[in-house]
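Close look at the chain arrangement
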Amino acid sequence: MKYVRVLQWSADADSITLQMLGEDDSTQSFQLGKECAASAAGALASELAKSGAEGIEQQFIRPKGLQTGKTGRNEPVLFMTLEGGVELPLVFQPEALPLLIAELEKLRGVLQPGSDVRWM
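Quick look at the structure, then.

**Concerning the side chain of Ser15**
Of note, Ser15 is situated in strand β2 (residues 15-22). Residue class for Ser15 comes out buried when judged on its relative accessible area of 9%. Polar contacts involving the side chain of Ser15 include one to the side chain of Gln31, which spans 3.1 Å. Ser15 has contacts with Ser10, Gln31, Leu32, Gly33 and Lys34, leaving out every residue within four places of it along the chain.

**Notes on the environment of Ile16**
By secondary structure assignment, the location of Ile16 is in strand β2. As for Ile16 and Phe30, which are separated by 14 residues in sequence, their C-alpha atoms are 8.4 Å apart. Not counting residues up to four positions away in its chain, the partners in contact with Ile16 are Ser10, Ala11, Phe30, Gln31, Leu32, Lys34 and Ala37.

**Let's talk about the pairing of strand β3 (residues 27-33)**
With seven bridges joining them, β2 and β3 adopt antiparallel strand pairing. Considered in β3, the bridge of Ser15 is made with Gly33. Two successive antiparallel strands, β2 and β3, enclose a turn made up of four residues, where Asp25 displays a positive phi of approximately 70°.

**Observations concerning the sheet that holds β3**
Judged by pairing direction, the sheet is antiparallel, and its three strands sit side by side in the order β1-β2-β3 without closing on themselves. The outermost strands of the open sheet, each flanked by one partner alone, are β1 (3-11) and β3. On average, adjacent strands in this sheet sit at an angle of 25° to one another, irrespective of strand direction. Inspection of the sheet shows β1 paired to β2 by seven bridges, in the antiparallel sense. Its bridge partner lying in β2, Trp9 is registered against Leu18.

**What about a nonpolar patch on the surface?**
Judged by side-chain polarity, Val6, Trp9 and Val86 come together as a nonpolar surface patch covering roughly 280 Å² of accessible area. Here Trp9 lies in strand β1.

**Some details on the pattern of salt bridges**
Under the defined criterion, the tally for this structure stands at two salt bridges. When the shortest N-O distance is used, the salt bridge between Lys106 and Glu103 registers 3.0 Å. With a gap of three residues between them, Lys106 and Glu103 both fall in helix α2 (residues 97-110), about one helical turn apart. Of the charged contacts, one joins Glu105 and Arg108 as a salt bridge, the two residues approaching to 3.0 Å between their closest N and O atoms. Residue Glu105 and its partner Arg108 are located together in helix α2, separated by three residues, close to a single helical turn. Judged by its relative accessible area of 43%, Glu105 is partly exposed.

What counts and what doesn't
- Residues numbered from 1 in each chain as written.
- Predicted model: local features only at pLDDT ≥ 70, side-chain atom pairs only at ≥ 80, totals over all residues.
- Heavy atoms only, no water.
- Helix = DSSP H or I, 4+ residues; strand = E, 2+ residues; numbered from the N terminus.
- Buried < 20%, exposed > 50% of the residue type's maximum accessible area, 1.4 Å probe, protein only.
- Polar contact = N/O pair within 3.5 Å; in protein donor to acceptor, adjacent residues only side chain to side chain.
- Contact = heavy atoms within 4.5 Å.
- Pairing = 2+ DSSP bridges.
- Axes fitted to C-alpha atoms, helices over the stretch in contact; angles between N-to-C directions.
- Patch = residues over 30% accessible without salt bridge, like charges linked within 9 Å, V, L, I, M, F, W, Y side chains within 5 Å.
- Areas by Shrake-Rupley, 256 points an atom, 1.4 Å probe, with all protein chains shown as cover.
- Salt bridge = Lys/Arg side-chain N within 4 Å of Asp/Glu carboxyl O.

As structure tokens, then:
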């Protein structure tokens, strides 16, 4: 079965549930334990790269909006709003915030004419 779109998703304390639309217009639901969510996202991105998708463009995430916040544990959060309105929250350790800011400043410099882009 090939799934062509996520119709709905939800999360509770233990799992994430996805309802997917199949190319035959059927719907299926499946659950992932929250412990698996990051690994599953990484595996999906890796498999997409192997699937013959042309170029690195298929692996980029292009947020349509950004917002900052903090968790209940006072950790800095960067919310990236993706196409379709889904938010991807990136949580950082408070002590990592100066490094994040420094890296973003370097990124600003890379965008200046004449600078070299370095891929890692």
